[in-house]
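Okay, here's what each chain looks like letter by letter:
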Amino acid sequence: MFTGGLPQENVCSADRSFSDLGLSPRLTEALREISFFNPTPIQNEVIPRALEGVDLIGLAQTGSGKTAAFSLPILARIEGGRGTQALVLCPTREIALQTKSFLDALEPTSQLSSVCLIGGVKMEPQISKLRTKPDIIVATPGRLLDHVGRRTARIDRVRYLVLDEADHMLDLGFLPQILRVLELLPTERQTMMFSATMPSQIDRIARRFMSEPEQIDFRPDGRTAEGIEHRLYLVQPESMRACLISLVEQEQGSTLIFLRRKVDAEWAYKQLKKEGHKVDRMHSDRSQRQRVEALASLRSGKKRILLATNVAARGIDIPVIEHIINYGIPESVEEYVHRAGRTARGDAEGVASTIATWKSKEEVRMIERALGRPLPRCTAPGVEPYVERKTTIRGRKIRRRRLL
Ligand code: AMP
């Protein structure tokens, strides 16, 4: 039995059932069997619109129930046995496997077959499955193109395209592969994209491949009464730096970044300066005068970004800023709350982002307990997220790992 895994804010207490959304009684019954009783908010909105065939951009966090939101309308609309009609592209193998396991759970009812084309495993079993002309392909872009190149997979009859985690799929690393796949697809199709964030340059690219897409924003309103939006970026230890750079690029307002070590502060200073950002830093190797100047230049707007180690920042009157970034989890809950409070003063709104690794899960839980709600998990463009332990639909615990 399904034992959970849905973040609290997505649990739907609405009286609506899946059949109210336009799904057949058989599919609704099959969903019950895997303990999907009520649709989540994203499913509530996406399923009826997707059944009508419109292109959609869904802004949704990991864990919001988007897999079912895009899979169910496809299962409802496809007629089996006509070759591959739906393609779901995912940035990581693990995400692809999760979608595949959802489709598998419903296969006895939908009678629609699917194949999962991911790298790192043998081609042969995938080729054998492809010979049976599966109705749905779930794939990471590289392996899909490999198959298309060898003519073992055909995607020229795809009528439904899903880009999961589109912000990753359309960033520079993946973009050439995605463009190649899009060239091979029929233009007459329904396209759905889901993304945790939608930076404007990605939004522009996304819209080029869609026809009058409807945008639906399901991101939980992370803002507290004080107007602070909390965001948590869980990454692999080696991706911490890339994540920091990505966040600085994404958020354009005045930014205060807290770091534990001065070596990180110096590294970030050099890196950001090289990339043309107006940045200064304060840590224990800087003189008192330099620290005062650094603060003053942030306050006056001469500098946009200030890097500060904990020690240097403690007890100092930090000016009002739009974005706080914790590079590494703060040492205590109080410190987290205090730092977050540096932003969103008065009526202003601000963002408090934390970049952390799986090693900080316990600290994350403590902060969440203090805030009384989960820290929304977010992903930074170009940075593969560390995805936490999840429960499969069959209730077996698995660890989602970085696989690409
Ligand atoms: P996803 O965002 O698609 O990865 O879904 C997150 C988790 O929520 C997965 O463990 C799903 O199996 C579960 N889930 C999604 N939709 C529902 C629902 N309507 N009822 C119960 N669980 C759900």
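Since the model is a prediction, treat every value here as computed from it, not as a measurement. (Residues numbered from 1 in each chain as written. Predicted model: local features only at pLDDT ≥ 70, side-chain atom pairs only at ≥ 80, totals over all residues. Heavy atoms only, no water.)

Undergrad: Hey, could you go over the nonpolar core for me, with residue numbers and the actual values?
TA: Side chains that are nonpolar tend, in soluble globular proteins, to be buried together. If you look at the biggest cluster of nonpolar residues, it comprises 40 residues, and the most contacted ones within it are Leu31 and Leu72. Those elements that provide at least two residues to this core are helix H1 (25–33), helix H2 (41–51), helix H3 (66–77), strand S2 (86–89), helix H4 (93–110), strand S4 (136–139), strand S5 (160–163) and strand S6 (190–195). The element that contributes the greatest number of residues to this core is H3, accounting for six residues. Beyond its immediate chain neighbours, meaning those up to four positions away, leucine 72 contacts Phe18, Leu23, Leu27, Leu31, Ile47, Phe102 and Leu106. (Core = buried A, V, L, I, M, F, W, Y, C linked by side-chain atoms within 4.5 Å. Buried < 20%, exposed > 50% of the residue type's maximum accessible area, 1.4 Å probe, protein only. Helix = DSSP H or I, 4+ residues; strand = E, 2+ residues; numbered from the N terminus. Contact = heavy atoms within 4.5 Å.)

Undergrad: How would you explain H1 if you had to name every residue and give the values?
TA: All of the buried residues along H1 are Leu27, Thr28, Ala30 and Leu31. One side of H1 carries all its buried residues, which in axial view fall inside an arc of 160°. Exposed residues pointing more than 90 degrees away from the buried face of H1 are listed as Pro25, Arg26 and Glu33. Buried positions along H1 lie against H3 and H4. Looking at the residues trailing H1, positive phi occurs at serine 35, about 65°. (Arc of directions from axis to C-beta.)

Undergrad: Go over the confidence of the model for the chain with me, naming the residues and quoting the values.
TA: On average, residues of the chain score 84 in pLDDT, and 85% of them are at 70 or above. Contacts from residues 1–15, a stretch scored under 50 in pLDDT, to residues over four places away or in other chains number 34 contacts. Confidence drops under a pLDDT of 50 for residues 390–404, and excluding neighbours within four residues, the segment shows 50 contacts in the predicted structure. (pLDDT = per-residue confidence, 0-100.)

Undergrad: Got a sec to walk through the sheet that holds strand S12 (residues 323–327)? Specific residues and values, please.
TA: With respect to topology, six strands assemble into an open sheet ordered S8-S13-S12-S9-S11-S10, the strand pairing being parallel. Two strands in the sheet have a free side with no partner beyond their single neighbour: strand S8 (228–234) and strand S10 (279–282). Sheet twist, expressed as the mean angle between neighbouring strand axes with direction ignored, is 15°. Across five bridges, strand S9 (residues 255–259) lies against strand S11 (residues 305–309) in parallel orientation. What sits directly across from leucine 256, in S11, is leucine 306. Contacts from helix H12 (residues 288–300) reach S9, S10 and S11, with the element oriented near 140° to S10. (Pairing = 2+ DSSP bridges. Axes fitted to C-alpha atoms, helices over the stretch in contact; angles between N-to-C directions.)

Undergrad: Any chance you could break down the environment of aspartate 55 for me, citing the residues and the numbers?
TA: By the secondary structure assignment, aspartate 55 is in the loop between H2 and strand S1 (56–59). The sequence separation of aspartate 55 and methionine 210 amounts to 155 residues, and the corresponding C-alpha distance is 6.4 Å. Here aspartate 55 is in contact with Arg189, Gln190, Thr191, Met210, Ser211, Glu212, Pro213 and Glu214, once residues within four sequence places are set aside. Only 2.8 Å separates the side chain of aspartate 55 from the backbone nitrogen of threonine 191, close enough to count as a polar contact. (Polar contact = N/O pair within 3.5 Å; in protein donor to acceptor, adjacent residues only side chain to side chain.)

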